[in-house]
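Observations on the three-dimensional arrangement
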Amino acid sequence: MKLVVEIVDAHDLMPRDGEGSASPFVEVDFGNQRSRTTTIPKNLNPVWNQKLLFNFDQAKNHHHQTIEVCVYHERRLIPSRTFLGRARIPCSAIVKKGEEVYQTFQLEKKRFFSSIKGEVGLKIYLSSETEQSSLAPSSSPPPPSNPPPSSKNITEPSSPAPSSSPSPPSSPPPSSKNKTKPSSPSPSSSLLPSRPPPSSKNRTLIHNSSISRPISEKPLSSISNISEVPVSNILYSSPSISQFAPIERSNSPVPEAESPAPEADSPVPEAESPRSSAEEPKEEIKEPVEAQVEANQHIYRPQVFHQPAISFNKGPQGIPSTMHQVNLNSHPSPQDDYTLKEMDPQLGERWPGGGVYGGRGWMSGERFATTYDLVEQMYYLYVRVVKAKDLPPGALTGSCDPYVEVKLGNYKGRTKHFEKKMNPEWNQVFAFAKDQIQSSNLEVFVKDKEMVGRDDYLGRVIFDMNEVPTRVPPDSPLAPQWYKLEDRRGGGKVRGDIMLAVWLGTQADEAFPEAWHSEAASVHGEGISSIRSKVYVSPKLWYLRVNVIEAQDIQPNDRSRVPEVFAKAQVGNQVLRTKICPTPTTNPLWNEDMIFVAAEPFEEQLVLTVEDRVHPSKDDVLGRISMPLTVFEKRLDHRPVHSTWFNLERFGFGVLEADRRRELKFSSRIHVRVCLEGGYHVLDESTMYISDQRPTARQLWKQPIGILEVGILGAQGLLPMKMKDSRGCTDAYCVARFGQKWVRTRTILDTFSPKWNEQYTWEVYDPCTVITLGIFDNCHLGGYENKHGGAAAAARDSRIGKVRIRLSSLESHRTYVHSYPLLVIQPTGLKKMGELQLAVRFTSLSLANMIYTYGHPLLPKMHYLHPLTVNQVDSLRYQAMNIVATRLGRAEPPLRKEVVEYMLDVDSHMWSMRRSKANFFRIMSLLSGVITMSRWFGNVCHWRNPITSVLVHILFLILIWYPELILPTVFLYMFLIGIWNYRFRPRHPPHMDPKLSWAEAVQPDELDEEFDTFPTSRSQDRVYMRYDRLRSVAGRIQTVVGDLATQGERFQSLLSWRDPRATSLFIMFSLCAALVLYMTPFRAVALVAGLYMLRHPRFRSKLPSIPNNFFKRLPPRTDSLL
């Protein structure tokens, strides 16, 4: 379809040329497509009657889009334009051809203080492409009357114009004898040349889409010499270039242009020219004319699009010498390859076709979903096979082993078979992707499985695809129906019935996650479960605090010695121990806390043992006790918990020696205080990008402050991760984690550009959190395991890359649709693994709750009342990660340990020279502001800019006389800075920054060190070299720390009498200063001090000041160092 905007006229425009008139032209902008009319000189009531055509995609939603019609005055002397007004027409007012009417629109202001008047008259309607193509002549035009130009007048172009897409198959050039009929243009035909390029000796490049209209009023067939086309008409014809068609220069007739011909009853719009028609140049063009395209950014809604714009390279004589279209993605620079890219996909639910919602077949119109609007809709044919009854038995066996085969084109899906069952029940769902449907009929076969030979045919049911109903959630599920089985050859009904439900739906259907998909038809067996999308919930984690107080009546195995006793506690794989009691005794006292991580449901037990240190390499167990975690109290705050005495069992007196245990009258005992801490948040990830901050106890949770919706659209440009059938392939799936909820998309097989289009929702309890999304390669498919045997069982899902998005950087109620680069650090350096396409929206539920959250602590209050040490936090985080990985690995399909470790950044604490450099330069960037301010103040003090120094003096005097203005001035200055920086605020979420991570300038050996194991596995010489390098870096840090300590010790020595003379001078100076300051008003002191600091360089000395000299003479303690 084409959108036609007919510019009829304008009335009562504002004069802008200084002579009471204007030279107006109209520019129309629709969907980043721009076109303009010719300029009418010296007329405040111009009449154009020109039609401007734009591409109009009916598949997209244009209801919220507008057509912007701007009127400008063109200045002749200075190539510029002046705004005369604009009109915005909503796309909802567009009608079809034949229903259009002439309408006038009042011109609006662009700015508040603008002076605008007048109105513009328009006709706006839609026209089909078939109507435009029918207007074109069906045969080649007659030969031109003028003789063909000589070859001397034509310059041979150096190279053909580049094209962003390949050319179609060539066809023979038209001739006067062979008249060809031009085919109707397709949406893609405007981007591809329809004829082969002629020889380079007889052609010149001209803009194809502007031959019949914007270049001149002559039809193309009447142009016999390229010199007849004015250069200005080519340059100012249209700002959107789609193709450059070669025009043949020979005695044969010139072929018709591919662009649609204008209507006969309306004049063809001329291209604007800075000269009049009488002043057009008569000389021939000596060079081929091309236009160079540059990337200008045009903001449209909240997205940013890259729209080609035209610029020109001037030749030596001032004539544009080159005109070509640059493919913006042909040679991307590495810097651009790592940037965030904005997208404009068709989000929301749209149904193609021609019917109405609720009717048969594919629905027409557009019906937008409210809960699945962040992904592109994918359409599927669903077949639910419920059960069968009254199936005929086999002729030989007298029984039936039935199964069902669903066939659609080349895709077949089958249910499991039942042995000797006449009334089987399957209740399985099959999903066939719409873009893979190759047949108009759906066939459902019921077969009897045979051990030898072909399976017997029992019957079938055929569905016409045009009669399949459509279902959209939240509609109730489609009720299955009984269908009578038919003979294979359509001879009639046979014995048996089958219950089926067939409908058309999207991925929002609740049957989608558990359905068999035609996209994964090659996966069989256990691999089917590993490709389905799933939602996981992390186990509920608790901190178990064990306070071992004391023990009594400890009996060592060797009665001749006093035991050296310590206590040891174990929960699962976590083992902690107390210190050895400082005094050897049989009643030791420790009073030490040990903290463990436990997960619900509590499967482990707390095992306490008391041991005796007999030898540095030998410990004797003197007693033990095992208790389930369910018996301990759950604490929600810092209130004390009651302690308990437990009797210890002698080591060895267990189940095998029950009789001896009954005979034992005496036993040792231990005094402990154990509780489950519900007031802490169990950290299983780094606090730098934490995704949840709620305490463990649900009673302490606050109400959610918002909703996070993420649409996982797909990935693009993924790299091959494994070899299959002697070629590289990738079976990618995406994992997202926020809070306790993990999601895993389905696996898309054997593609480097998977499309998931799955949407998930999380409740947000704190905006200062981070969502993490990662892409992995599935190495546990059924076919892959069969091919590689047992080695596939030990295979690990490969990491492709991950993305972090901080919620506090997102604006509320705004949808961000971007393509995130997947950047990873490998031993070979920085590498881009592809791009992840996401649609993210954060919805705030209450502004008051949001403000309330920003004023409260980041973590629950127990982290501040009874804080954990740094070592405890690191150890407990590692244990929590192991528990989460173990529990999620027991799900079906499992979320494997390597995936959980990568998502939780388990190795982020390891040493890396690259990270150390990055953190150092982060600190330097923070200090750069202070350094800049100090340099500016130094320039003010030295009067480098006298005007600035005078203004600072005036401000200083004002603050001295009105000290109550100091704090208001400071806060007003910060307010103004914030308002000024609002213009430069980030328009997209932050992403992985290679420069900030110091990933582009990292050395190969530093990368090798970063990927080294712990302990190291490298050669001894390399370890020595790295150790020496670390020593050199540490030596520089040691020098800086020593200098800081020196300055601090000099400050301490002012009153320490290390230098008696210096201390005497300082205390006498302090006494005099106290007396002077007591008798002198503070304003006078501040005034004198400020003027002294701001004094002119003429009154300054190049030597250091007296206080500086005195301070540097104070003695530090460096002379006491060894």
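The rules behind these values
- Residues numbered from 1 in each chain as written.
- Predicted model: local features only at pLDDT ≥ 70, side-chain atom pairs only at ≥ 80, totals over all residues.
- Heavy atoms only, no water.
- Helix = DSSP H or I, 4+ residues; strand = E, 2+ residues; numbered from the N terminus.
- Buried < 20%, exposed > 50% of the residue type's maximum accessible area, 1.4 Å probe, protein only.
- Contact = heavy atoms within 4.5 Å.
- Areas by Shrake-Rupley, 256 points an atom, 1.4 Å probe, with all protein chains shown as cover.
- pLDDT = per-residue confidence, 0-100.
- Axes fitted to C-alpha atoms, helices over the stretch in contact; angles between N-to-C directions.
- Parallel < 35°, antiparallel > 145°, perpendicular 65-115°, else oblique.
- Nonpolar A, V, L, I, M, F, W, Y, C, P; charged D, E, K, R; others polar.
- Phe/Tyr/Trp six-rings, centres within 6.5 Å; stacked < 30°, edge-to-face > 60°.
- Left-handed = near helix turned anticlockwise from the far one by under 90°.
- Pairing = 2+ DSSP bridges.

1. Observations regarding the overall build of the protein chain
- Across its full length, the protein chain carries 18 helices and 45 strands.
- Of all 1122 residues assigned to the protein chain, the portion counted as buried reaches 42%.
- Restricting to contacts in the protein chain with at least 6 residues of sequence separation, those with at least 24 account for 71%.
- For the protein chain, the exposed surface amounts to about 61600 Å²; the carbon and sulfur share of it is 56%.

2. Examining the confidence of the model for the protein chain
- Here the protein chain averages 77 in pLDDT, and 76% of its residues register 70 or above.
- Across residues 352-370, where pLDDT falls below 50, the model places 54 contacts with residues more than four positions away in sequence or in other chains.

3. Description of the packing of helix H11 (residues 913-941) against helix H12 (residues 946-961)
- Relative to each other, H11 and H12 sit at 95 degrees, their axes nearing to 8 Å. Classed by the angle they form, the pair H11 and H12 counts as roughly perpendicular. Contact with H11, carried on its side by Trp936, Asn939 and Val940, involves Thr948, Ser949 and Val952 of H12 and no other residues of that element.
- When its residues are assigned to classes, the contact of H11 with H12 shows three nonpolar, three polar and no charged.

4. Focus: the packing of aromatic side chains
- Following the criterion strictly, the structure yields 20 aromatic pairs and no others.
- With a centroid separation of 5.9 Å and 15 degrees between ring planes, the pair formed by Phe30 and Phe56 is classed as stacked. Within this pair, whereas Phe30 is found in strand E2 (residues 24-30), its partner Phe56 is found in the loop between strand E4 (47-55) and strand E5 (66-75), the two being separated by 26 residues in sequence.
- According to the relative accessible area criterion, Phe30 is buried, its value standing at 1%.

5. Comments concerning the packing of helix H9 (residues 870-888) against helix H10 (residues 897-904)
- Where H9 contacts H10, the two axes come as close as 9 Å, and the packing angle between them is 140 degrees. By the criterion of interaxial angle, the relationship of H9 to H10 is oblique. You can see that H9 and H10 cross each other, and the crossing is right-handed. On the side of H9, the interface is formed by Arg877, Met881, Asn882, Val884, Ala885 and Leu888, while H10 contributes Lys897, Val900, Glu901 and Leu904.
- A class-by-class count of the residues in the contact of H9 with H10 yields six nonpolar, one polar and three charged.

6. Brief notes about the sheet that holds strand E29 (residues 574-577)
- Strand order across the open sheet formed by four strands is E29-E28-E31-E32, with antiparallel pairing between neighbours. Two strands close off the open sheet at either side, each with one partner strand: E29 and strand E32 (618-628). Ignoring strand direction, the axes of neighbouring strands in this sheet form an average angle of 20 degrees.
- Bridge count between strand E28 (residues 565-571) and strand E31 (residues 605-615): seven bridges; the pairing is antiparallel. Along E31, the bridge assignment pairs Phe566 with Glu611.

7. Some details on the sheet that holds strand E41 (residues 755-764)
- Strand order in the open sheet formed by five strands is E16-E44-E45-E36-E41, with antiparallel pairing between adjacent strands. With partners counted over all chains shown, the strands left at the sheet margins are strand E16 (341-342) and E41, one partner each.

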